[in-house]
Amino acid sequence: GGIPFEFHTGNYSGPVTETITVRFPGGDLAPPPVILKVKADIWRPIDLRPAAAVFEYFPDDPGASVFTVRIVNQTAEPLELFPPSSSHPALSAALSQVVPGREFDLTVQVTPPAKPANVVGTITMKTSLASMPRLEVPVHALVPAPVSLSPRTLRLPAGPIASAESHTVEIRNH
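Below you will find a few notes about this structure. None of the values given here were measured: they were computed from a predicted structure. (Residues numbered from 1 in each chain as written. Predicted model: local features only at pLDDT ≥ 70, side-chain atom pairs only at ≥ 80, totals over all residues. Heavy atoms only, no water.)

## Brief notes about the packing of aromatic side chains
Next, step 1: Using the criterion set out here, one finds one aromatic pair in the structure.
Next, step 2: Ring geometry for Phe55 versus Phe67: centroids 5.9 Å apart, planes at 15°, classification stacked. With a gap of 12 residues between them, Phe55 in strand β4 (residues 53-56) and Phe67 in strand β5 (residues 66-73) connect regions that are remote in the sequence. (Phe/Tyr/Trp six-rings, centres within 6.5 Å; stacked < 30°, edge-to-face > 60°. Helix = DSSP H or I, 4+ residues; strand = E, 2+ residues; numbered from the N terminus.)

## A short note on the environment of Val99
Next, step 1: Topologically, Val99 is positioned in strand β7 (residues 91-99).
Next, step 2: With a relative accessible area of 35%, Val99 lands in the partly exposed category.
Next, step 3: On a C-alpha basis, the gap between Val99 and Asn73 in space is 9.9 Å, while along the polypeptide they are 26 residues apart. (Buried < 20%, exposed > 50% of the residue type's maximum accessible area, 1.4 Å probe, protein only.)

## A short note on the side chain of Asp105
Next, step 1: Note that Asp105 resides in strand β8 (residues 103-110).
Next, step 2: At 2.5 Å, the side chain of Asp105 forms a polar contact with the side chain of Arg70.
Next, step 3: Those residues in contact with Asp105 that sit more than four places away from it in its chain are Thr68, Val69, Arg70, Ala94, Leu95, Ser96 and Val98. (Polar contact = N/O pair within 3.5 Å; in protein donor to acceptor, adjacent residues only side chain to side chain. Contact = heavy atoms within 4.5 Å.)

Coordinates in, geometry out; function isn't part of it.
Following this line, the structure appears as structure tokens:
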């Protein structure tokens, strides 16, 4: 017989090992579980390193808030990438060629002024490859509030309070 399973490659790239535990019916009389190791080498025509741009935006230091994704062409034919476009108005991207037709750097940043939020979007580029005409780079940028408190809520006992109480609050300026 066979053991069907699904493996979603998602953002995996390169060598991957997954473990599958096979359990048999029969309660106490069943044979012990069998551990299967599935090894694969995930190959993509265009590899993203890392697979997504995840970073924090600092309004006081926008230069530190730039994230770079290396784009590597793994095919035999030269790659041409066309100007990137963003699905979110608060995100912008620029493309530079590192090795002609082979490697590129995609720099992603939050476009100021940015309101405190999680900025989630996709940078999309058209490519010259027929096998992969469009390349998408997921982006998740955290734009913190200018000032944050921790804890956000203080719980005090119902009054009157018989003796002095002390609570610590951290105020952080981003």
